[in-house]
Amino acid sequence: RTAPRPPLRTRMSRTVDLAIGAAVGAVAALFVSKLLTKPEEPTVTLDARNEEGGKGWVYNSAQIYGGVVYASGQVAIQVLGPNKVAGVETDARIEADFCMENLKQVLKESGSDLSKVMRTTCLLADIKDYAEFNKIYEAYFPDKATRPARVCFAVKSLPLGAKVEVACEAYV
């Protein structure tokens, strides 16, 4: 003996529920795929150090994506030619100034400048240099109202024996 069929209204309700469930699932899948996929906007890479002959760098000076420049950390170095680098100073203030000048150059080559910086990340090899670093930093961002957001902390050590490193995000 077979079970009696449910009324038509119940059967239709189940069909509608399945259709709605499938639609919701499809929308959710589309939403998740958009979250996990970068927009189809071109990425521009600024590899200024390698263009100037600094072979051996394992990172780019900046990436531009979605109208935002993501500048790599800058230390007090100057690329002089193929594999020749003038290096790190012994004074944190001098290094901080040099870092900010390097950052200005990377931003300029990316079509941006310090006035468009939204956030900086500042690394110090010694937290005792914090006050001296701030004096230099303030000179590059003198207007309190437009200063970028900032993260600043001490680390155990920095590449090439540097005392200061500064990275940023800026709009183009």
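The preceding data block contains the structure.
These numbers come from a predicted model, not from an experiment.

Quick look at the packing of aromatic side chains now. Applying the stated criterion across every chain yields a total of two aromatic pairs. When the ring of Phe 133 is compared with that of Tyr 137, the centres are 5.7 Å apart and the planes differ by 40°; the resulting orientation is tilted. Residue Phe 133 and its partner Tyr 137 are located together in helix H4 (residues 130-140), separated by four residues, close to a single helical turn. In terms of burial, Phe 133 and Tyr 137 fall into one category: buried. Measuring from ring centre to ring centre gives 4.9 Å for Tyr 137 and Phe 141, while their planes differ by 50°; the resulting arrangement is tilted. The two residues Tyr 137 and Phe 141 agree in class, both being buried. Among the aromatic side chains, those forming a connected cluster through ring pairs are Phe 133, Tyr 137 and Phe 141.

Conventions adopted
Residues numbered from 1 in each chain as written. Predicted model: local features only at pLDDT ≥ 70, side-chain atom pairs only at ≥ 80, totals over all residues. Heavy atoms only, no water. Phe/Tyr/Trp six-rings, centres within 6.5 Å; stacked < 30°, edge-to-face > 60°. Helix = DSSP H or I, 4+ residues; strand = E, 2+ residues; numbered from the N terminus. Buried < 20%, exposed > 50% of the residue type's maximum accessible area, 1.4 Å probe, protein only.

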